[in-house]
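The residues making up each chain are set out below.
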Amino acid sequence: MKGWGAVSDFDGTITLRDVGDHLLLHYGFADKRTIEESYSLKVRVEDFMKRAFAGAALSERVIADFVRERVKARRGFREFILFCEANGVPFEIASGGVDLYADPFFAKHGVSVKSFFGRAKVVEGGIKIDYPFLRRTDLSSFKASRVARMKRLGLKVVFFGDGPNDFKAASLADKAYATGRLLRLCRERGVPASPLTDFTRAAAYIKRHS
Ligand SMILES: [Mg+2]
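What comes next concerns the included structure. Since we're looking at a predicted model, the values are computed, not measured. (Residues numbered from 1 in each chain as written. Predicted model: local features only at pLDDT ≥ 70, side-chain atom pairs only at ≥ 80, totals over all residues. Heavy atoms only, no water.)

## Quick look at the overall build of the chain
Here's step 1: Along the chain, the regular secondary structure elements total 10 helices and 7 strands.
Here's step 2: Radius of gyration (C-alpha) of the chain: 16 Å, near the 17 Å computed for a compact globule of 210 residues.
Here's step 3: The buried share of the chain, taken over its 210 residues, is 53%.
Here's step 4: Of the contacts formed within the chain by residues at least 6 apart in sequence, a portion of 65% connects residues at least 24 apart.
Here's step 5: Element-wise, carbon and sulfur atoms account for 49% of the exposed surface of the chain, whose accessible area totals about 10,200 Å². (Helix = DSSP H or I, 4+ residues; strand = E, 2+ residues; numbered from the N terminus. Rg over C-alpha atoms; globule rule 2.2 N^0.38 Å. Buried < 20%, exposed > 50% of the residue type's maximum accessible area, 1.4 Å probe, protein only. Contact = heavy atoms within 4.5 Å. Areas by Shrake-Rupley, 256 points an atom, 1.4 Å probe, with all protein chains shown as cover.)

Structure, rendered in structure tokens:
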């Protein structure tokens, strides 16, 4: 399977629901309208996350339990990770989400993956988020830059995403799997993308095109 690399979004892509949104809604730290507005192309996801979680008084324990009990992985995710490992396909996650919920998720599924997440710290009255990898760029460009980097290494790249901030990366990839708002955006703008249902299809696609 040499010749391919994979980059993926996390929230709503690897997980079936956006974990950040789900947490904020579940514990009443945001309402549906605020969440909906955060998906405007004009809003930076990283700014929204910092703002929304600043007032979310949640402990690490509450978040970890929430992930274990409520967060579901998209079908074929673990198998896809193992497929990539076995076949030398570099796989990485570029996310506007945070380590506080990503770490328990990966622990639950028994996988470790190269990834970029915001660093979240529980502070008085809320959660402080920092994005060390976004000091000189925004999330959408960063995701695209990870795809571009693999391409420079001579790889063909498959990308997975669900949000407007995944659009640049999806446009650059050799093969994009999209769901939700990203799939609609790709269709509106004529960017080829296959519907992301489960990860098994992507493994089959890579095998066929290697
Ligand atoms: Mg997402």
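## Quick look at the coordination of the magnesium ion
Here's step 1: Protein coordination of the magnesium ion is provided by Asp-9 (OD), Asp-11 (O) and Asp-162 (OD), with donor distances spanning 2.1 to 2.2 Å.
Here's step 2: Spacing between the donor residues of the magnesium ion along the chain follows D-x1-D-x150-D.
Here's step 3: Asp-11 sits in the buried class, given a relative accessible area of 5%. (Donors = N, O, S within 2.8 Å, 3.2 Å for Na, K, Ca; no water.)

## Remarks on the pattern of salt bridges
Close approach of charged atoms allows side chains with opposite charge to pair.
Here's step 1: Applying the stated criterion across every chain, the model contains 10 salt bridges.
Here's step 2: For the salt bridge of Glu-37 with Arg-33, the shortest nitrogen-to-oxygen distance reads 3.1 Å. Of this pair, Glu-37 and Arg-33 both sit in helix 2 (residues 32–37), 4 residues apart, roughly one helical turn.
Here's step 3: Salt-bridge contacts for Glu-46 lead to Arg-44; the nearest nitrogen and oxygen are separated by 3.9 Å.
Here's step 4: With a relative accessible area of 42%, Arg-44 lands in the partly exposed category.
Here's step 5: Because the salt bridges share partners, they merge into one network encompassing Asp-9, Lys-143 and Asp-166. (Salt bridge = Lys/Arg side-chain N within 4 Å of Asp/Glu carboxyl O.)

## Let's talk about the pairing of strand 3 (residues 114–123)
Here's step 1: Note that strand 2 (residues 91–98) and strand 3 share 4 bridges and pair parallel. When the sheet's bridge partners are listed, Ile-93 is paired in strand 3 with Ser-115.
Here's step 2: The pairing of strand 3 with strand 4 (residues 126–130) spans 5 bridges and is classified as antiparallel. Bridge pairing in strand 4 links Val-123 to Gly-126.
Here's step 3: Taking the residues that link successive antiparallel strands as the turn, the strand 3-strand 4 hairpin has 2 residues, and the phi of Gly-125 there is positive, at about 80 degrees. (Pairing = 2+ DSSP bridges.)

## Comments concerning the side chain of Ser-95
Here's step 1: When you line up the elements, Ser-95 lands in strand 2.
Here's step 2: You can call Ser-95 buried: its relative accessible area is 0%.
Here's step 3: A distance of 2.7 Å separates the side chain of Ser-95 from the backbone nitrogen of Gly-97, its partner in a polar contact.
Here's step 4: Contact partners of Ser-95, with chain neighbours within four places excluded, come to Phe-10, Asp-11, Phe-116, Phe-117, Gly-118, Tyr-131, Phe-133, Leu-139 and Lys-143. (Polar contact = N/O pair within 3.5 Å; in protein donor to acceptor, adjacent residues only side chain to side chain.)

## Things to note about the environment of Ala-52
Here's step 1: As for its placement among the helices and strands, Ala-52 is situated in helix 3 (residues 45–54).
Here's step 2: A residue is classified by how much of its surface remains accessible, and Ala-52, at 13% relative accessible area, is buried.
Here's step 3: Separated by 31 residues in sequence, Ala-52 and Asp-21 place their C-alpha atoms 9.3 Å apart.

## Details of the side chain of Arg-74
Here's step 1: Position of Arg-74 relative to the elements: it lies in the loop between helix 4 (60–70) and helix 5 (77–87).
Here's step 2: Of the side chains with opposite charge, Asp-162 lies nearest to the buried Arg-74, which makes no salt bridge, at 6.7 Å.
Here's step 3: With sequence-adjacent residues up to four places away left out, Arg-74 is seen in contact with Gly-12, Thr-13, Ile-14, Thr-15, Leu-16, Thr-179, Leu-196, Thr-197, Asp-198 and Phe-199. (Lys, Arg positive; Asp, Glu negative; His and termini not counted.)

## Remarks on the sheet that holds strand 3
Here's step 1: One open sheet accounts for 7 strands, arranged 4-3-2-1-5-6-7; its pairing is mixed. Every other strand in the sheet has two partners, leaving strand 4 and strand 7 (194–195) as the edge strands with one partner each.
Here's step 2: Lying over the sheet, helix 7 (residues 139–152) contacts strand 1 (4–8), strand 2, strand 3 and strand 5 (156–161), oriented at roughly 175 degrees with respect to strand 2. (Axes fitted to C-alpha atoms, helices over the stretch in contact; angles between N-to-C directions.)

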